[in-house]
Amino acid sequence: MMGNVGMLRSRLYQKFFLWFFLNLILLAILALGLVGGLLVRGSNGLLPAYLFSSNIETRFRTISANLQYKPVTAWPEAVNYYNKDPSLAFTLYFLDKQAGLPNLPPIPGKVLSAAALLPRLPFTLCPDPEVLSFSGSTTFEGVDKAEEGSVTEHARLSPDLLRAFGTLEAGIAPAPRVVYMRDADHSRYWFAQALFVPDDTRELHYMLLAVAADSFSGKGLLFNTDLMLIFFLVVLSVSCLWWLPFVRHISQPLLRMASVAETLANSSILQNAPPDANVCGVDPQRKDEIGRLAEAINVMARRLNRVFSGQQLFLHHIAHEINSPLARIKLGLAVLEDRLNGDAGERVGRIVAETDALSVTTDNIITYLRAQYREQAPSLENIPLSSFLRSLAAKEAQERKIRITVSETLSVNADRRYLERALANVLRNALRYSPPDSAVEIEAELQGSKVAIEVRDLGLGVPENELAQLTEPFFRGTANMGTPGSGLGLSLAKRYIDACNGFLTFSNRATGGFVVRINLPGDM
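Residues numbered from 1 in each chain as written. Predicted model: local features only at pLDDT ≥ 70, side-chain atom pairs only at ≥ 80, totals over all residues. Heavy atoms only, no water.

Participant: Describe the sheet that holds strand β2 (residues 88-94), listing the residues and the values that go with them.
Facilitator: Reading across the sheet, the six strands line up as β1-β6-β7-β8-β2-β3 and stay open at both edges, with antiparallel pairing between neighbours. Of all the strands in the sheet, the pair left with one neighbour each is β1 (46-48) and β3 (99-100). The sheet contact formed by β2 and β3 spans two bridges and is antiparallel. Paired with Y93 across the two strands is G100, which belongs to β3. Against the sheet, helix α3 (residues 54-67) contacts β2, β7 (188-198) and β8 (204-213), and its axis sits at roughly 40° relative to β7. (Pairing = 2+ DSSP bridges. Helix = DSSP H or I, 4+ residues; strand = E, 2+ residues; numbered from the N terminus. Contact = heavy atoms within 4.5 Å. Axes fitted to C-alpha atoms, helices over the stretch in contact; angles between N-to-C directions.)

Participant: Now, about the packing of aromatic side chains: what can you tell me, with residues and values included?
Facilitator: For the structure shown, the criterion picks out eleven aromatic pairs. Aromatic ring contacts, followed pair by pair, group F52, F60, Y81, Y82, F90, Y180, Y189 and F191 into a single cluster. One cation-aromatic arrangement involves K97 over F94; the distance from NZ or CZ to the ring centre is 4.9 Å. R432 extends its terminal NZ or CZ atom over the ring of Y433, reaching a point 5.9 Å from the ring centre. (Phe/Tyr/Trp six-rings, centres within 6.5 Å; stacked < 30°, edge-to-face > 60°. Lys NZ or Arg CZ within 6 Å of the ring centre and 35° of its normal.)

Participant: Can you break down helix α12 (residues 489-499) residue by residue, with the values?
Facilitator: An α-helix turns once per 3.6 residues; consequently, residues spaced three or four apart project the same way. With eight of eleven residues buried, α12 lies mostly within the body of the structure. Along α12, the residues classified as buried are G489, L490, S491, L492, A493, Y496, I497 and A499. N501, located one to two residues past α12, shows a positive phi value of around 65°. (Buried < 20%, exposed > 50% of the residue type's maximum accessible area, 1.4 Å probe, protein only.)

Participant: Could you give me a rundown of the sheet that holds strand β13 (residues 450-456), with the residues and numbers involved?
Facilitator: In a beta sheet, neighbouring strands are held together by backbone hydrogen bonds and run either parallel or antiparallel to one another. The strand order across the open sheet built from five strands is β10-β12-β13-β15-β14, with neighbouring strands paired in mixed fashion. Each edge of the open sheet is held by one strand with a lone partner, namely β10 (401-405) and β14 (503-508). For this sheet the average axis-to-axis angle between neighbouring strands, irrespective of direction, equals 15°. This element, helix α10 (residues 385-397), spans β10, β12 (439-447) and β13 of the sheet and lies at about 175° to β10. Along the sheet, helix α11 (residues 416-433) contacts β10, β12, β13 and β15 (514-521); its crossing angle with β13, the most-contacted strand, is approximately 30°.

Participant: Describe the side chain of T91, naming the residues involved and giving the relevant values.
Facilitator: Along the chain, T91 falls in strand β2. Note on T91: relative accessible area 0%, which makes it buried. Within the structure, the side chain of T91 is placed 2.6 Å from the backbone oxygen of P105, a separation counted as a polar contact. Setting aside chain neighbours within four positions, we find T91 in contact with V79, L104, P105, I107, W190, L208, L209 and A210. (Polar contact = N/O pair within 3.5 Å; in protein donor to acceptor, adjacent residues only side chain to side chain.)

Interpretation note: all reported values are geometric properties and have no functional meaning in isolation.
So this is what it looks like as structure tokens:
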């Protein structure tokens, strides 16, 4: 048994179906509570009157008003006037005489038995205006002042009745309970209400006014649709509240794990955390799929932390371990080149050039790795572009021509170090692949909230099918295979621009040449 429970707890989809099943049970209990508590437990068919629509109350008041102070023999005709709809049948019954009226539908004994349990009303729905005079809308006077003999013994009101009338509006007596039940023999639904009706002699008759309907709602006449809507909203709210803990049980750890995964993607996790840190913050005792996923992410994060730590240590020492021997080789070759003449000196010179190229490639690789596993977050600031671009061009151009077109007031929001490294790589590529006597153009302009910086050259350009691959590490285009380079310049530029919340695009000039477009946020 315990093994089965453990299996149930370890399966997330089983938790979902279990919770769904329990939710159905909850809704069923609420529905059965309404039906059983009101329709079944309602004192053998007696229900609160407020559950029903005001339409039936209005119809009963109208019928009652049409019956009052008329001969009893005229009552069946007055009731039958409302029996034109075959799906509804109105009828009357003398509760005090236990007798029905001719020419009206009979009332089942089950309904009459329930009506016998109704609390007896001490007043009529609509008192005779000749017997009772109104003071305002809620006070009744004049009963004791009525002339002797003008009111029968049945019609006289006691002081208690008078006080009861004083709590009413317009003389309408509220009925706290009514009869509502289904006639199993004829499959009809009955609604009935007790009331006093005076005849033409002002004798009060204790009556049961009832209606039989073919449907439980009586074509909208019986039920209060507003109340049903409120009940539906309450059930829906209870269902939502029921699901809320389960949704939080699933969503919160998933959100925490998503945050950890995003941090892992930025290579900045667990820099100061202990080796056994629970980076997901999920209960380690949780044994379902989410618990297993959290533990897998914790293990992965710890291993990546060790890898990142080793990478940091490697990057710390690699420059010294590679560049120092290369520097010594270059120094020795330079001394040897000075001492040799002829072919030997030329060979040494070529070796020196190859060594320089190897040194540049090594520097690019180290720079790329440092950018890939950067330790410091970018420090964004407003950088005036005019002075920044002119200073960069003076540093990189040497003897080449660079034309700069930029407004003196234009600035970008970026990290100065990252932006300089990105533009330096883009500018070096443009100078490397342009004809020696041509000029490289740099133009910057504001476009909405972004600043577009274009670096244009007059080189051979890049085939259209290779544009998407330019930021891949070590990618060399087919048109530039004979040109020195490591294929890391644009990869580095993309990483630095991404860190500054910008992006790169590439295109070929219609007149020949290549364009690198850098989009960055403008002055914040």
